[in-house]
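Each chain is listed here by its residues.
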Amino acid sequence: AMHVADTGFKVDATKIRLFLAYSWMMSKKHDYVIAEANLILQESKIKQQNVDAHYLLAIAFYEKMWLQLAAKEASKARIIEKEIGACDSLTSAMSLLIKGTYLFYVLEFKESQKLLTFFSNKTKIFWPAMLAETADLAYRKQYHQLGENLNQLQRSNEVPLKTKEKMAELLVRFINKP
């Protein structure tokens with residue numbers, strides 16, 4: 001832990017790295033995600049932080065279309081999760097957000113929505129869970145409810161512009177899926 005100036009306030013450098021890696025991911029800077037996640041894996045003795053780092057690597061590798069590497073990282077994360085137990089593995093809001101995002105990438109929208117709903121309950125940030133629900137509706141071609149959700153997400157000031165752009169791109173891909 002680092003100390004901030006003379007305040008006595010401790011900062012966990014690994015938590016900052018997790019937040020940074022997630023921020024880089026949202027900014028499509030996947031090489032930085034990979035760098036931060038690898039630093040976390042080198043430095044952290046906390047198993048949950050290693051789980052989070054492996055899921056971040058999996059997401060970055062999916063973005064780079066390195067699907068086998070992504071699957072290997074997700075597998076490493078699941079092995080550690082089994083060691084520490086499912087309840088313990090999802091205690092932090094950051095862990096919920098990271099794993100919920102990973103599940104979104106692998107099209108497990110119901111599980112993603114469940115974790116992101118827990119994230120929403122902890123943080124009062126509701127749009128990630130709604131985004132997972134919307135993706136699930138698109139994937140299952142439930143267009144009536146999909147339209148309502150899309151309108152709500154597009155009108156929301158909470159949803160970042162980059163997320164709205166990515167959402168539009170993904171939805172076109174799902175809708176054009178045979």
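Residues numbered from 1 in each chain as written. Predicted model: local features only at pLDDT ≥ 70, side-chain atom pairs only at ≥ 80, totals over all residues. Heavy atoms only, no water.

Caption draft 1: Inspection of helix α9 (residues 143–155) at higher detail. With 13 residues, α9 should cover 18 Å at 1.5 Å per step; its first-to-last C-alpha distance of 18 Å lies within 8% of that length. Residues of α9 that are buried include every one of Leu146, Asn149 and Leu153, and no others. Projected onto a plane normal to the axis of α9, the buried residues spread over an arc of 70° and lie on a single side. In α9, the exposed positions that point more than 90 degrees away from the buried face belong to His144 and Arg155. (Helix = DSSP H or I, 4+ residues; strand = E, 2+ residues; numbered from the N terminus. Expected span 1.5 Å × (residues − 1). Buried < 20%, exposed > 50% of the residue type's maximum accessible area, 1.4 Å probe, protein only. Arc of directions from axis to C-beta.)

Caption draft 2: Here's a closer look at the pattern of salt bridges. By the definition in use, this model includes nine salt bridges. Ionic pairing is found between Lys76 and Glu73, a salt bridge with its closest N-O pair at 3.4 Å. Placement of both Lys76 and Glu73 in helix α4 (residues 67–84) is noted, with a separation of three residues, approximately one turn of the helix. Residue class for Glu73 comes out buried when judged on its relative accessible area of 8%. Between Asp136 and Lys110 there is a salt bridge; the shortest N-O distance is 3.1 Å. Placement of the pair is Asp136 in helix α8 (residues 127–139) and Lys110 in helix α7 (residues 109–123), with a sequence separation of 26 residues. (Salt bridge = Lys/Arg side-chain N within 4 Å of Asp/Glu carboxyl O.)

Caption draft 3: The nonpolar core, seen in detail. Ranked by internal contacts, the top residues of the largest apolar core, which has 42 residues, are Tyr22, Tyr55, Leu56, Ile98, Tyr102 and Leu153. With nine residues, helix α3 (residues 47–63) is the largest single contributor of residues to this core. In this structure Tyr22 touches Leu56, Met94, Leu97, Ile98 and Thr101, once residues within four positions along its chain are discounted. (Core = buried A, V, L, I, M, F, W, Y, C linked by side-chain atoms within 4.5 Å. Contact = heavy atoms within 4.5 Å.)

Caption draft 4: Molecular detail of the packing of aromatic side chains. Counted by the stated rule, this structure contains six aromatic pairs. Arranged with centres 5.7 Å apart and planes meeting at 40°, the rings of Phe61 and Trp66 form a pair that is tilted. Note on Trp66: relative accessible area 40%, which makes it partly exposed. (Phe/Tyr/Trp six-rings, centres within 6.5 Å; stacked < 30°, edge-to-face > 60°.)

Caption draft 5: Structural context of the environment of Gln68. Structurally, the position occupied by Gln68 is in helix α4. In this structure, the C-alpha to C-alpha distance between Gln68 and Ala58, residues ten residues apart in sequence, is 9.3 Å.

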